[in-house]
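Observations on the model geometry
Residue-level listing of the chains:
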Amino acid sequence: MNNVNVHGEETEKLRKENDQLKLEIEYLTHELNASKESRVQESDKSDKRFKRLFNHLTDAVYYFKIYDDGSTSTFIEVNETACQRLGYTREEMLTLSPKQIDGCGTEELKPVIKDVYDSITFETVHVCKNGDRIPVEIKTHRFEVEKEMYLLSVCRDITERKNSEREIREAKEQFENIVESSTNGITILQDGKWVFANKAALTLFDAKTKEELLGRNIYDMLHPEFHMECKEIVKNGGIHPRLYRVWTTLSGREIHTEVVSIPTTFQGKEANELIMQDITEQKKSDSMMIQAEKMNVVGQLAAGIAHEIRNPLTALKGFVQLFRSGTIPNEMFLNIMEAELERIDVISSEFLTLAQPANTDFTTVDIRDLVNDVIDLLDTEAFKKSISLVVENNAIETAVNGIGTQLKQVFINLIKNAIEVMQNEGTITIAFENHEGFILISVHDEGVGMSEEQLKRLGEPFFTTKQNGTGLGLMVTYRIINQHNGVVDVESKVNVGTTFTVKLPLIAEKVK
Ligand SMILES: Nc1ncnc2c1ncn2[C@@H]1O[C@H](COP(=O)(O)OP(=O)(O)OP(=O)(O)O)[C@@H](O)[C@H]1O
Ligand SMILES: [Mg+2]
């Protein structure tokens, strides 16, 4: 019985264990099935996600097989962007191979594809179904599946980039054409050396090739008078129009230019662009004009001067006759004679300097002394018309940089005009004044004055209201003052009078 019992207990235990095992297997199977199901679902989801991503990429994507000889299969898969861009349906695309959409020819594409080992990027053109050509940048990746080679290509539309590259290239070409065909010399100077020059600049400086000029020190060619100012401009920057510069060319010729200086950068470093206009010929004709006008003035003055000299000569002659008739020269007589001789000396030497050929060197000139000399010369002319020349000295600084004979010519013109327009006796006031680094010399008359119309025409060549006038006096005056970096101002009222004011930079200001 005991045995039976023992046996029965064991069977019962085994049965229970068996049931337990069954339950566990059922559970595991269920679990396994459940996880399998979720895995399938997950993979489905990621597949869909991948497809959506693949189709909605902004880049066209496709892949195809590549064979050992470099030839390729038709596309195995293409995304929607590729179809839309090229104008084919997906089905149509899958019948095409890469070479059929490549606008650069398979010969160009083949070596590229054949040599791909991992991934490369290259540019080509895709030809759409309607014949449109789209520039693309292609990133190609190689991968291997079961010993077969595939290439996956991601193609970016680079039309915009190409367009802007073309625009930049065209703008650069246009700019280069403009610079090269400009009749103005265009140069760039950096660290005191020429680093760029266009054709006109080479011609200007007598250089046959760019190499002859580039790298040269500009200060070897620029007239020393302008070195300091040029260095200041380079240091301080800013745009400077109409700078007057004199250069010596490579063949030793002296040229005169008008220069615009503009700060710029060249190869990433600060530089100065100089646009130069050759004014050598203009300078020559200007100085011929000034000379001609001067001779005209000299001619006009000659009669007055002769008269001026005749007066003291008459006095001297009288004294000589007096002495011949027995009068003993005393101190007073001798003093008068000396003064008369002195006057002849001053006037004739003043007249001679004026008539001398023009010296065009700039030197330090005391403008007040110079104007006083001119007043001396014209005093008799004024006196004959009962006009007094009055000087008002309010200037402390009077030194300017200039060409003495030319400045004299200016003030002879202005004072002579003032004398000529005064119909009755009166006063011509010549005043000197300093103002912010300049000296202002004004010539004020009590003459007929000028209307608005006349004022507008001042300085125009051959504009004259006088019977024997040339109408060149003021034109020459303006040119000379302009060359001295000065300005002429006019104020006038009909029947009241006119004031011409010449404004010239003082030397002291230049040195500062
Ligand atoms: N101070 C002045 N007052 C009034 N008009 C003037 C004065 N200065 C010049 N003008 C006017 O300007 C014109 C031109 O002067 P400009 O000196 O150029 O020639 P011009 O005096 O006529 O001839 P030229 O100088 O050869 O004798 C004069 O004819 C005159 O009409
Ligand atoms: Mg005149």
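What you are looking at is a predicted structure, and each value in this text was computed from that prediction instead of being measured. (Residues numbered from 1 in each chain as written. Chains lettered and ligands numbered in written order. Predicted model: local features only at pLDDT ≥ 70, side-chain atom pairs only at ≥ 80, totals over all residues. Heavy atoms only, no water.)

The next thing to look at is the environment of Gly215. Position of Gly215 among the secondary structure elements: in the loop between α8 (210-213) and α9 (227-236). Judged by relative accessible area, which is 43%, Gly215 ranks as partly exposed. Along the backbone, Gly215 and Leu189 are 26 residues apart, and their C-alpha atoms lie at a distance of 9.3 Å. Aside from chain neighbours lying at most four places away, what touches Gly215 is Lys193 and Trp194. (Helix = DSSP H or I, 4+ residues; strand = E, 2+ residues; numbered from the N terminus. Buried < 20%, exposed > 50% of the residue type's maximum accessible area, 1.4 Å probe, protein only. Contact = heavy atoms within 4.5 Å.)

Glancing now at the nonpolar core. One finds Ile367, Phe411 and Ile430 to be the most contacted residues of the largest nonpolar core, which totals 56 residues. If you tally residues by element for this core, the top one is helix α10 (residues 280-324), at nine residues. For Ile430, the residues in contact, after removing those within four places along its chain, are Val371, Ile375, Leu389, Val390, Val391, Glu392, Ile415, Ile441, Ser442 and Val443. (Core = buried A, V, L, I, M, F, W, Y, C linked by side-chain atoms within 4.5 Å.)

Overall, the prediction assigns the protein chain a mean pLDDT of 86, with 89% of residues at 70 or greater. Per-element confidence in the protein chain is highest for strand β15 (residues 438-445), whose mean pLDDT is 97, and lowest for helix α16 (residues 507-511), whose mean pLDDT is 55. (pLDDT = per-residue confidence, 0-100.)

Look at helix α12 (residues 367-384): 26 Å from first C-alpha to last across 18 residues, which is about the 26 Å you get at 1.5 Å a residue. Of all the bends in α12, the greatest measures close to 45 degrees and is centred on Leu378. At the N-terminal end of α12, a side-chain oxygen is found 3.0 Å from the backbone nitrogen of Arg368, two or three residues along, and the residue is Asp366. Positive backbone phi, approximately 60 degrees, marks Ser386, located one or two places after α12. (Expected span 1.5 Å × (residues − 1). Bend = angle between axes of the 7 residues up to and from the residue. Polar contact = N/O pair within 3.5 Å; in protein donor to acceptor, adjacent residues only side chain to side chain.)

Close contacts around ligand 1 come from 21 residues, with Thr464, Thr465, Lys466, Thr470 and Leu474 the closest. Here an oxygen atom of ligand 1 sits 2.9 Å away from a polar atom, N or O, in the side chain of Asn417. Lys466 has a polar side-chain atom sitting 2.6 Å from an oxygen atom of ligand 1. Its free accessible area being 590 Å², ligand 1 has 97% of it covered by the protein chains. In this structure the site holding ligand 1 corresponds to the second largest pocket. Only α10, α13 (404-421), α15 (473-483) and β17 (497-505) provide two or more residues apiece to the shell around ligand 1. Class assignment of the residues belonging to the shell around ligand 1 gives a composition of seven nonpolar, twelve polar and two charged. (Near = heavy atom within 4 Å. Areas by Shrake-Rupley, 256 points an atom, 1.4 Å probe, with all protein chains shown as cover. 1 Å grid on protein atoms, 1.4 Å probe; cavity = no way out; pocket = protein on both sides within 12 Å on 5 of 7 lines; lining within 4 Å. Sits in = over half its atoms within 2 Å of the grid points. Nonpolar A, V, L, I, M, F, W, Y, C, P; charged D, E, K, R; others polar.)

This brings us to the pattern of salt bridges. According to the stated counting rule, one finds 21 salt bridges in the structure shown. A salt bridge links Asp59 to Arg156, with the nearest nitrogen and oxygen atoms 2.8 Å apart. Of this pair, Asp59 sits in the loop between α1 (2-56) and β1 (60-66) while Arg156 sits in strand β5 (residues 148-157), placing them 97 residues apart in sequence. What makes Arg156 partly exposed here is its relative accessible area of 44%. Across the pair Glu258 and Arg242 runs a salt bridge, and its minimum N-O distance is 3.3 Å. With Glu258 in strand β9 (residues 254-266) and Arg242 in strand β8 (residues 240-248), the pair connects residues that are 16 residues apart, well separated along the chain. Judged by its relative accessible area of 23%, Glu258 falls in the partly exposed class. (Salt bridge = Lys/Arg side-chain N within 4 Å of Asp/Glu carboxyl O.)

Within a sheet, adjacent strands bond to each other through the backbone by hydrogen bonds, running parallel or antiparallel. Reading across the sheet, the five strands line up as β12-β14-β15-β17-β16 and stay open at both edges, with mixed pairing between neighbours. The open sheet terminates on both sides in strands that have one partner only, identified here as β12 (387-394) and β16 (487-493). The average undirected angle you get between the axes of adjacent strands in this sheet is 15 degrees. Inspection of the sheet shows β15 paired to β17 by eight bridges, in the antiparallel sense. Each bridged residue has a counterpart across the sheet, and for Phe438 the counterpart in β17 is Pro505. Against the sheet, α12 makes contact with β12, β14 (426-435), β15 and β17, and its axis sits at roughly 165 degrees relative to β12, the strand it touches most. (Pairing = 2+ DSSP bridges. Axes fitted to C-alpha atoms, helices over the stretch in contact; angles between N-to-C directions.)

This brings us to a negative patch on the surface. On the surface, a cluster of negative charge is made up of Asp366, Asp369, Asp373, Asp376 and Asp379. The element best represented in the negative patch is α12, accounting for four residues. When its relative accessible area of 32% is taken as the criterion, Asp376 is described as partly exposed. (Patch = residues over 30% accessible without salt bridge, like charges linked within 9 Å, V, L, I, M, F, W, Y side chains within 5 Å. Lys, Arg positive; Asp, Glu negative; His and termini not counted. Charge placed at Lys NZ, Arg CZ, Asp CG, Glu CD.)

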